[in-house]
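Tertiary structure, described
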Amino acid sequence: MLVADQSTCLERLALFRARLQRLFEAWKAKPLSVPENQFPGELLNALRTTGAFDALFATEDNGLGLCQTPEGAQILMMLLRKVGYLSLSLGRCLEGHVNVVRLVELYGTRFQRHALKLQLKNGSLAGIWVTDGSSPVTIRRKGPNYTLSGIKGFASGIRQVGVALITAMPQHGEALMVLAPTTDFERHRPGPGTLTGMQASGTGAYDFTGLQISSDDIIGSSGDYLRQPEFSAGAWRGSAVALGGMDHLIDLLRQELLERERAGSPHQLTRIGEALILQKTAAMWVHEAAQAAYSAYMRPEDVTSIINLARLAVEQAALDLITLVQRSLGLAAFIKGKAVEQIMRDLATYLRQPAPDEALTEAAAWFVHHDWPEAGQ
Ligand SMILES: Cc1cc2nc3c(=O)[nH]c(=O)nc-3n(C[C@H](O)[C@H](O)[C@H](O)COP(=O)(O)OP(=O)(O)OC[C@H]3O[C@@H](n4cnc5c(N)ncnc54)[C@H](O)[C@@H]3O)c2cc1C
């Protein structure tokens, strides 16, 4: 990129950052006004007006490179964290949307990247629905086209998502990524059951049985979805959203203790201090993970191991924070209808991410034999 182009891009990033900050300040002060199982559509629309969705695309496609460059990643981190603060459910859907943009940019053809951009131009959300439901999704060739069969069991934003990147098993080889339309309400199926948290994410199941697709809808080749480091690296974005939930809990904790004139107690101060340490620890891990995800020098195993550890560090910090908040506020933290109560349930649910034991032990196995990479090496 030319120096002049680069400085224009940095200026545009700074402008976007300022717009995002204004949106955040305006929404932060709003009390809970919608039922907890209602999708945060108003916030999603407000987010669109900041240009957040266009910003995800590469600069060549008039975006800000949020999914492509280390500078963009810093702003993406801020975006995910702030959205996580305002709504963990929207954060989950945004994170999925970002994942789709990133995977299509990495593995899709120029034509597919352009087609996705057009599809998302009207403001619809993209979903990443990879977790299979009662029958795993398969893909079979039928003449010049392909037919899908099976159900995706955890499909966030089921009513808002217009196109989903799903995995489908061919007869031979590893899973394929397919971009499939998801606007047929008759294909909706009951989801995993009523989750205790994250209800606003609208997580249901979607039946792809009988859906015909063409080779243009297949992204990359067999096995690309699981290809490292990207497969594990994407977890940093979920951690950034969870960090936003932690930020919100800390604010509510301080606010309520001040209102009840309990903040001066040495016991409460101890917990506030511990809570702040957890928040900053999680933030440092997310930062490290985001840097690793965009690193040009680290080995793929360094990247995946650092991000796996970051994911678990953030999970532990958030769980410890929930315990501290409950201890500090007492029963007041368990009253339905209060933001603090809902955020704790949302956060505890959101923290359930796949295979945490494997993530920890695989990272440990790598760093038993390898030194932690030095920054910039
Ligand atoms: C609100 C919400 C929205 C979601 N939206 C989507 C979505 O849009 N798209 C999507 O694809 N998915 C979605 N998911 C699903 C998500 O990606 C994970 O699949 C899910 O959260 C996994 O959680 P789990 O705790 O059941 O994981 P698991 O991996 O089942 O882990 C549970 C426990 O089992 C252990 N374990 C895992 N594997 C094994 C094994 N083989 N043998 C022994 N122990 C094992 C783990 O280490 C852990 O201790 C969503 C989940 C939530 C909560």
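Residues numbered from 1 in each chain as written. Predicted model: local features only at pLDDT ≥ 70, side-chain atom pairs only at ≥ 80, totals over all residues. Heavy atoms only, no water.

Within an unreviewed UniProt entry, the label attached to the protein chain reads Acyl-CoA dehydrogenase, and the organism entered is Gluconobacter cerinus.

1. A few points about unusual backbone geometry
Following Q228, the chain continues into P229 via a peptide bond in cis, with omega recorded as 10°. Although it is not a glycine, N62 adopts a positive phi angle of roughly 65°. Its location among the elements puts N62 in the loop between α3 (52–55) and α4 (70–86). Here the phi dihedral of A355 falls at roughly 45°; this positive angle occurs in a residue that is not glycine. Judged by its relative accessible area of 42%, A355 is partly exposed. (Helix = DSSP H or I, 4+ residues; strand = E, 2+ residues; numbered from the N terminus. Buried < 20%, exposed > 50% of the residue type's maximum accessible area, 1.4 Å probe, protein only.)

2. Digging into the pairing of strand β5 (residues 161–168)
Counting buried positions along β5 yields eight of eight residues, so the element is predominantly enclosed. As judged from the six bridges shared by β5 and strand β6 (residues 176–181), these two strands associate in the antiparallel manner. When the bridges of β6 are listed, A164 appears paired with A180. (Pairing = 2+ DSSP bridges.)

3. Some points on the sheet that holds strand β3 (residues 145–149)
By definition, the strands of a sheet pair up through backbone hydrogen bonds, in either a parallel or an antiparallel sense. Taken together, the three strands give an open sheet; going across it, the order is β2-β3-β9, and neighbouring strands pair in antiparallel fashion. Edge positions in the sheet fall to β2 (138–142) and β9 (212–213), since each of these pairs with one other strand and no more. Taken together, the two bridges between β3 and β9 define a ladder with antiparallel strand orientation. What sits directly across from Y146, in β9, is I213.

4. Considerations on the site of the ligand
Around the ligand lies a shell of 18 residues, among which V130, S156, R352, A355 and D357 are the nearest. Within the backbone of I128, one N or O atom sits 2.8 Å away from a nitrogen atom of the ligand. In this structure, an oxygen atom belonging to the ligand sits 2.6 Å away from a side-chain N or O atom of D357. Alone, the ligand offers 970 Å² of accessible surface; in the complex the protein occludes 60% of this. If you list the elements that add at least two residues to the shell around the ligand, you get β1 (125–129), β4 (151–155) and α12 (356–369). Tallied by class, the residues present in the shell around the ligand amount to nine nonpolar, six polar and three charged. (Near = heavy atom within 4 Å. Polar contact = N/O pair within 3.5 Å; in protein donor to acceptor, adjacent residues only side chain to side chain. Areas by Shrake-Rupley, 256 points an atom, 1.4 Å probe, with all protein chains shown as cover. Nonpolar A, V, L, I, M, F, W, Y, C, P; charged D, E, K, R; others polar.)

5. Observations concerning the packing of helix α10 (residues 300–329) against helix α11 (residues 339–350)
At a minimum axis distance of 10 Å, the contact between α10 and α11 shows a crossing angle of 155°. Considered as vectors, α10 and α11 are oriented roughly antiparallel to each other. Considering only the axes of α10 and α11, their crossing is left-handed. Only V340, M344, L347 and A348 of α11 make contact with α10, whose side of the interface consists of A318, I322, V325, Q326 and L329. Classifying every residue of the contact of α10 with α11 gives eight nonpolar, one polar and no charged. (Axes fitted to C-alpha atoms, helices over the stretch in contact; angles between N-to-C directions. Parallel < 35°, antiparallel > 145°, perpendicular 65-115°, else oblique. Left-handed = near helix turned anticlockwise from the far one by under 90°. Contact = heavy atoms within 4.5 Å.)

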